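Commentary on secondary and tertiary structure
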Amino acid sequence: MNYWLFKSEPNEFSIEALEKMPRKTEHWDGVRNYQARNFMRDEMRKGELGFFYHSSCAEPGIVGIIKISKEAYPDHTAFDPTDKHFDPKSDPQAPRWFMVNVTLVEKFREPITLKTLKSYADRQLADFRLLARGNRLSVMPIEKKHWKFINSLR
DNA sequence: GCCAACGTTGGC
DNA sequence: GCCAACGTTGGC
């Protein structure tokens, strides 16, 4: 059982937008980083949980919990020349990029802000990947101890 | 295989 | 808007 963190810029796709989708489910498309892709394609399993993180916004932080509702399948947005995430090197016969479906489990009443998370950076969250220097992964695994600790902050 | 140039990410 | 950190690209 793995735990995950999914980053998104809320003006691109927010937890509020997910909440409004049919069955509160949407595909997590547009991942164009090999390491993040490998996590999704090779390790994410249906039913696993993840945090939804808002980045590049007024108050970056964890805003809720989602679950994997469909395991990895080809990211069709890579095949669409009109799509922002079009990649001419991804071929439907040999897809380069993948996505999963996520379903909203819970939107937090109050976000757990990056500022709050950082306040534990030298203690309980000392080796938390999100806080690692220069980390830019949009999809990353979370250790169970960190998952539990962050949930205790709610 | 090396590495400089370039583009992107993301906090501030 | 700035800038540090990082990933990718492409010439050699």
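Below is a short write-up of the structure.

What counts and what doesn't
- Residues numbered from 1 in each chain as written.
- Chains lettered and ligands numbered in written order.
- Predicted model: local features only at pLDDT ≥ 70, side-chain atom pairs only at ≥ 80, totals over all residues.
- Heavy atoms only, no water.
- Helix = DSSP H or I, 4+ residues; strand = E, 2+ residues; numbered from the N terminus.
- Buried < 20%, exposed > 50% of the residue type's maximum accessible area, 1.4 Å probe, protein only.
- Contact = heavy atoms within 4.5 Å.
- Areas by Shrake-Rupley, 256 points an atom, 1.4 Å probe, with all protein chains shown as cover.
- Lys, Arg positive; Asp, Glu negative; His and termini not counted.
- Charge placed at Lys NZ, Arg CZ, Asp CG, Glu CD.
- Near = heavy atom within 4 Å.
- Polar contact = N/O pair within 3.5 Å; in protein donor to acceptor, adjacent residues only side chain to side chain.
- Nonpolar A, V, L, I, M, F, W, Y, C, P; charged D, E, K, R; others polar.
- Pairing = 2+ DSSP bridges.
- Axes fitted to C-alpha atoms, helices over the stretch in contact; angles between N-to-C directions.
- 1 Å grid on protein atoms, 1.4 Å probe; cavity = no way out; pocket = protein on both sides within 12 Å on 5 of 7 lines; lining within 4 Å.
- Points joined across faces, edges and corners; volume = space filled by probe spheres on them.
- Core = buried A, V, L, I, M, F, W, Y, C linked by side-chain atoms within 4.5 Å.

1. What to know about the overall build of chain A
- A count of helices and strands for chain A gives 4 helices and 6 strands.
- Counting helices and strands in the order they occur from the N terminus, chain A gives β-α-β-α-β-β-β-α-β-α.
- Taken across its 154 residues, chain A has 42% of its residues classed as buried.
- A sequence separation of at least 24 residues applies to 73% of the contacts in chain A between residues at least 6 apart.
- By element, 47% of the accessible surface of chain A is carried by carbon and sulfur atoms, the whole surface being about 8600 Å².
- If the 26 positive side-chain charges of chain A are averaged to one point and the 21 negative ones to another, these points end up 4 Å apart.

2. Describing the protein's contact with DNA strand B
- Taken together, K7, Y53, S55, S56, P60, L114, K118 and R136 are the residues near DNA strand B.
- The contact in question runs from a phosphate oxygen of DNA strand B to an N or O atom on the side chain of K7, over 2.7 Å.
- K118 places a side-chain nitrogen or oxygen 2.4 Å from a phosphate oxygen of DNA strand B.
- In terms of residue class, the surface near DNA strand B is built from 3 nonpolar, 2 polar and 3 charged.

3. Some points on the protein's contact with DNA strand C
- Around DNA strand C, the neighbouring residues are Y34, K89, R133, G134 and R136.
- For DNA strand C, the fraction of atoms within 4 Å of the protein that belong to sugar or phosphate moieties is 69%.
- Here a phosphate oxygen of DNA strand C and a side-chain polar atom of K89 are 2.9 Å apart.
- Contact distances for DNA strand C include 2.7 Å between a base oxygen and a side-chain N or O atom of R136.
- Broken down by class, the residue content of the surface near DNA strand C amounts to 1 nonpolar, 1 polar and 3 charged.

4. Structural notes on the sheet that holds strand β3 (residues 49-54)
- One open sheet holds the 6 strands; their spatial order is β2-β5-β4-β3-β1-β6, and the pairing between them is mixed. Each edge of the sheet is formed by a strand with only one pairing partner; in this case those strands are β2 (25-27) and β6 (139-142). Direction aside, the axes of adjacent strands within the sheet are offset by 35 degrees on average.
- The pairing of β3 with strand β4 (residues 61-74) spans 6 bridges and is antiparallel. What sits directly across from G50, in β4, is I66.
- Along the sheet, helix α4 (residues 144-152) makes contact with β1 (3-8), β3, β4, β5 (98-113) and β6, crossing β3 at roughly 60 degrees.

5. Concerning the layout of surface pockets
- Counted as a void, the largest pocket has a volume near 670 Å³.
- Looking at the lining of the largest pocket, the elements that each hand over two or more residues are β1 and β2.

6. Brief notes about the nonpolar core
- With 38 residues, the main nonpolar core has L5, F6, W28, F51 and I62 as its most contacted residues.
- Apart from residues no more than four positions distant in its own chain, F51 is found in contact with W4, L5, F6, I62, G64, I65, F108, I142, W147, I150 and N151.

All quantities given are derived from atomic positions and should not be read as evidence of function.
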